[in-house]
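One-letter residues, chain by chain:
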Amino acid sequence: MGKNTLILIIFGILIILAISGCTQQKPAVTPAEQTPAQQPVTEQPEVKLSGNHIVDGKGITLYLFTKDVLGDSKCTGVCLNAWPIFYKEKISVSSGLSPTDFGTITRDDGKKQTTFKGWPLYYYSGDVNPGDIKGEGVNKVWFIARPDYTILLADKDNFEIH
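Residues numbered from 1 in each chain as written. Predicted model: local features only at pLDDT ≥ 70, side-chain atom pairs only at ≥ 80, totals over all residues. Heavy atoms only, no water.

**Q** So what about the overall build of the protein chain? Which residues, and what values?
**A** Assigned secondary structure in the protein chain consists of 2 helices and 9 strands. Taken from the N to the C terminus, the helices and strands of the protein chain come in the order α-β-β-β-α-β-β-β-β-β-β. Counting the 162 residues in the protein chain, one finds 28% classified as buried. Of the roughly 10,700 Å² that the protein chain leaves accessible, carbon and sulfur atoms contribute 57%. (Helix = DSSP H or I, 4+ residues; strand = E, 2+ residues; numbered from the N terminus. Buried < 20%, exposed > 50% of the residue type's maximum accessible area, 1.4 Å probe, protein only. Areas by Shrake-Rupley, 256 points an atom, 1.4 Å probe, with all protein chains shown as cover.)

**Q** Lay out the environment of Gly57 in plain terms, naming residues and giving numbers.
**A** Secondary-structure assignment places Gly57 in the loop between strand S2 (53-56) and strand S3 (63-65). Separated by 36 residues in sequence, Gly57 and Val93 place their C-alpha atoms 8.8 Å apart. Excluding residues that lie within four positions of it along the chain, Gly57 makes contacts with Pro45, Glu46, Val47 and Lys48. (Contact = heavy atoms within 4.5 Å.)

**Q** Help me get a handle on the side chain of Ser94, residues and values and all.
**A** Its location among the elements puts Ser94 in the loop between helix H2 (79-82) and strand S4 (102-106). At 3.4 Å, the side chain of Ser94 and the backbone nitrogen of Leu49 are in polar contact. Discounting chain neighbours no more than four positions away, the residues touching Ser94 are Pro45, Val47, Lys48 and Leu49. (Polar contact = N/O pair within 3.5 Å; in protein donor to acceptor, adjacent residues only side chain to side chain.)

**Q** For the environment of Leu97, give the residues involved together with the corresponding values.
**A** As for its placement among the helices and strands, Leu97 is situated in the loop between H2 and S4. Note: C-alpha distance between Leu97 and Pro147 (50 residues apart in sequence) is 6.9 Å. If we ignore the near neighbours within four places in the chain, the residues touching Leu97 are Val47, Lys48, Leu49, Ile54, Phe102 and Pro147.

**Q** Quick one: what's the story with the state of the cysteines, residue by residue and with numbers?
**A** Going through the model one piece at a time under the given rule, you end up with 1 disulfide. Each sulfur of the disulfide joining Cys75 and Cys79 lies 2.0 Å from the other. On the S-S bond that ties Cys75 to Cys79, the torsion sits near -110°, and the link is left-handed. We classify Cys75 as buried; its relative accessible area is 0%. (Disulfide = S-S within 2.5 Å.)

**Q** Outline the nonpolar core, supporting the account with residue identities and numerical values.
**A** Grouped together as the largest cluster of nonpolar side chains are 13 residues, with contacts concentrated most on Val47, Ile54, Leu62, Phe86, Phe102 and Leu121. When near neighbours in sequence (up to four residues on either side) are disregarded, Ile54 contacts Val47, Lys48, Leu49, Thr61, Leu62, Leu97, Phe102, Phe116, Ala145, Arg146 and Pro147. Counting 9 residues, the second largest nonpolar core, distinct from the first, contains Leu80, Tyr122, Trp142 and Ile144. (Core = buried A, V, L, I, M, F, W, Y, C linked by side-chain atoms within 4.5 Å.)

**Q** Can you tell me about the confidence of the model for the protein chain, naming the residues and giving the values?
**A** Here the protein chain shows a mean pLDDT of 79. Residues at 70 or above account for 64%. Within the protein chain, the element-level pLDDT minimum falls on strand S9 (residues 159-161), averaging 49, and the maximum on H2, averaging 97. Under a pLDDT of 50 for its full length, residues 22-42 has, in the predicted model, 6 contacts with residues more than four places off or in other chains. (pLDDT = per-residue confidence, 0-100.)

**Q** Provide a residue-level description of the sheet that holds strand S6 (residues 119-120), including the pertinent values.
**A** Pairing in this open sheet of 3 strands is antiparallel, and the strands run S4-S5-S6 from one edge to the other. Sheet topology places S4 and S6 at the edges, where each strand pairs with a single neighbour. Where S4 meets strand S5 (residues 112-116), 5 bridges bridge the pair, whose relative direction is antiparallel. Each bridged residue has a counterpart across the sheet, and for Ile105 the counterpart in S5 is Gln113. (Pairing = 2+ DSSP bridges.)

What follows is the structure in structure tokens.
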């Protein structure tokens, strides 16, 4: 190889290196720059607060039954037509609620049911829209679940909510 050929090869390599050094890769898009379609989808909590009561992730009110004994659901059979059980395998909660207040029981019929502070949770079939509370006080034994209930005393004739 001649001296001129070697100079041309070295010059060619330098040009290639210079061109590749001038091109920059586009930096990754930061979350703040993402469009709504690109931003990661965050799951809504399965349980949240709506005012002063507890609702599911879609805003449907959850209820307590005063005839239930902690950890044992007394609403069975046709009762479940009006008061379907609420169950989520893994509970995520919004601020204002503690995940440790929620648990799961296995009912006598073998189905699982989510509990709040040990009390089984239910829907009311008359509530069709988010925010409905049509089951509040039904037969003086059904009440919306509230995070500030600390004790629910119940018997067949009388009850108190503290």
